[in-house]
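For reference, the chains in residue letters:
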Amino acid sequence: MSDVLVAGGTGVLGRVVVSELLARGHDVRVLSRRASSNSRWVPDGARLVTGDLVTGDGLAEAVAGADTIVHSASDPRRFRKVDVPGTVRLLHAAADSRPHVVYVSIVGCDRIPYAYYQTKVACEAAVARSGLPWTVLRATQFHDLVLTLAHLASRPPVVLAPRGVHVQPCDVRDVAPRLADLVDAGPAGRAPDFGGPQVLSAHEVFRAVALARGRRRWIVDVPLAGKVYAGYRAGHHLLAGGDTGSRTFDAYLAEHVHDGGRVDVPYRLR
C-alpha cells in the first residue's frame, strides 16, 4: 500500500479520512502545525508530522516520500491567509517528489460568488496547474456544518430562515471512503461530485434541529438580497449529477443531540 500524507487530518473530515486509509492498509502521516496539541486527534497507526501551511516551515520534510497527499486543510476564518497561499506552498514543497494530490472542494464553488467559495476555486486551479498528478472532489455541505449553523440560528425563539434556500448535507463518514477510493484509483482530474442523500429546505433543517432539541421555535421564511443568496436559491451548491452518501441528516441529529437538548457542536464559529 502507499504512503499518504493527510493535510487537515485533525479536522472533522480529516480524522475520518485518516481512519479509513489506515483500515485499507495505507501508511498514513497527518500534517499539523501544532503537533503537541493535535496529537489526541491522531489514531493509533498514523504518524504526526509538523508543517506550517502559512509559513512553509517543515513542509518539505513532511511531504518527502509521500505517494499521495490528501489536502483537506482549510481555515474558513482566515481563508485568505491560509487556503490559497498554503495550498501553493504545499504544492511547491511536493514539486520534486511528484505525489498524487487529492484536493477536497465544495459543490458549486465556481457558481456562487461567496468569498470563501472563490478561494476554493483558486485552490482547485493551483492544484490543476501545478504539474503534479491530481484529483479534485467537490462535496456538498457536511452535516457537521449544517448542524452548527442551525444550532446557532435556532437560539432565539423566532428563527429566520432564508426563503427558497435548500441544502444537501452529507456525512463525513460517507465522504471519507470516497476519498480513499480516489487515493486507491490514482489521478482522475475532476472526480464526480459528491452529495448527501436528501435535499432539505432551510426551514426543514431549522425545524428538525429544534425538534431534536425538544425546543419550540417559530420559524419565519424571509427573503434575502444579493448575488450569493441568488446563487443559493438557484441551487448551484446542490448535486447536479454525481455520487451520494446514505446517512441522513435526521440520523446524524439522533447521534449528536442528546437528552436535555445538549448538542455536540462540531465547529466553533467566531
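Only a predicted model underlies this, so the values are computations on that prediction, with no experimental measurement involved.

Asks: Can you explain the pattern of salt bridges? Please cite residues and give values.
Replies: If you walk through the whole model with that rule in mind, you get 13 salt bridges. When the shortest N-O distance is used, the salt bridge between Asp 110 and Arg 138 registers 3.1 Å. Separated by 28 residues along the polypeptide, Asp 110 in the loop between strand S5 (100-106) and helix H5 (115-128) and Arg 138 in strand S6 (residues 134-139) bring together distant segments of the chain. A residue is classified by how much of its surface remains accessible, and Asp 110, at 47% relative accessible area, is partly exposed. On the basis of relative accessible area, Arg 138 is assigned to the buried category, the value being 5%. Glu 255 is the salt-bridge partner of Arg 173, the closest N and O atoms lying 2.8 Å from each other.

Asks: Run through the pairing of strand S1 (residues 3-7), naming residues and quoting values.
Replies: Burial analysis of S1 places 5 of its 5 residues in the buried class, the great majority of the element. Covered by surrounding structure in S1 are Asp 3, Leu 5 and Ala 7 together with Val 4 and Val 6, the residues of both alternating faces. One ladder, built from 5 bridges, connects S1 with strand S2 (residues 27-32); its direction is parallel. Its bridge partner lying in S2, Ala 7 is registered against Leu 31.

Asks: Kindly report on helix H7 (residues 172-185), identifying the contributing residues and their values.
Replies: Three or four residues apart is the spacing at which side chains of an α-helix point the same way, because the helix has 3.6 residues per turn. In this model, H7 (14 residues) spans 20 Å end to end at C-alpha, consistent with the 20 Å of a helix rising 1.5 Å per residue. For H7, the full list of buried residues reads Val 172, Asp 174, Val 175, Ala 176, Arg 178, Leu 179, Ala 180, Leu 182 and Val 183. Following H7 by one or two positions, Gly 186 has its phi on the positive side, about 95°.

Asks: Residues and numbers for the nonpolar core, please.
Replies: In a soluble, globular protein the nonpolar side chains are often hidden away together inside. In this structure, Leu 13, Leu 21, Val 175 and Leu 179 are the most contacted members of the largest nonpolar core, which totals 27 residues. Of all elements in the fold, only S1, helix H1 (12-23), S2, S5, S6 and H7 reach the threshold of two or more residues within this core. When residues in this core are grouped by element, the largest group, 7 residues, is from H7. Every residue in contact with Leu 179, bar those within four places of it in the chain, is listed here: Leu 13, Val 17, Val 102, Val 104 and Leu 137. Counting 21 residues, the second-largest nonpolar core is a separate cluster that includes Leu 31, Val 63, Ile 69 and Cys 123.

Asks: An account of the environment of Ser 74 is needed here, citing residue identities and associated values.
Replies: As for its position among the elements, Ser 74 is in the loop between strand S4 (68-71) and helix H4 (79-93). When the C-alpha positions of Ser 74 and Arg 89 are compared, they lie 14 Å apart, and in sequence the two are 15 residues distant. Only 2.7 Å separates the side chain of Ser 74 from the side chain of Asp 83, close enough to count as a polar contact. In terms of polar contacts, Ser 74 uses its side chain to reach the side chain of Tyr 116, at 2.5 Å.

Asks: I'd like a description of the state of the cysteines, backed by residues and values.
Replies: Note on terminology: a disulfide is the covalent bond linking the sulfur atoms of two cysteines. One pass over the full model with this rule turns up 0 disulfides. In this structure Cys 123 is a free cysteine whose sulfur lies 9.5 Å from that of Cys 109, the closest cysteine sulfur available. Between Cys 170, a free cysteine, and Cys 109, which holds the nearest cysteine sulfur, the sulfur-to-sulfur gap is 14 Å.

Reading the values: the criteria
Residues numbered from 1 in each chain as written. Predicted model: local features only at pLDDT ≥ 70, side-chain atom pairs only at ≥ 80, totals over all residues. Heavy atoms only, no water. Salt bridge = Lys/Arg side-chain N within 4 Å of Asp/Glu carboxyl O. Helix = DSSP H or I, 4+ residues; strand = E, 2+ residues; numbered from the N terminus. Buried < 20%, exposed > 50% of the residue type's maximum accessible area, 1.4 Å probe, protein only. Pairing = 2+ DSSP bridges. Expected span 1.5 Å × (residues − 1). Core = buried A, V, L, I, M, F, W, Y, C linked by side-chain atoms within 4.5 Å. Contact = heavy atoms within 4.5 Å. Polar contact = N/O pair within 3.5 Å; in protein donor to acceptor, adjacent residues only side chain to side chain. Disulfide = S-S within 2.5 Å.

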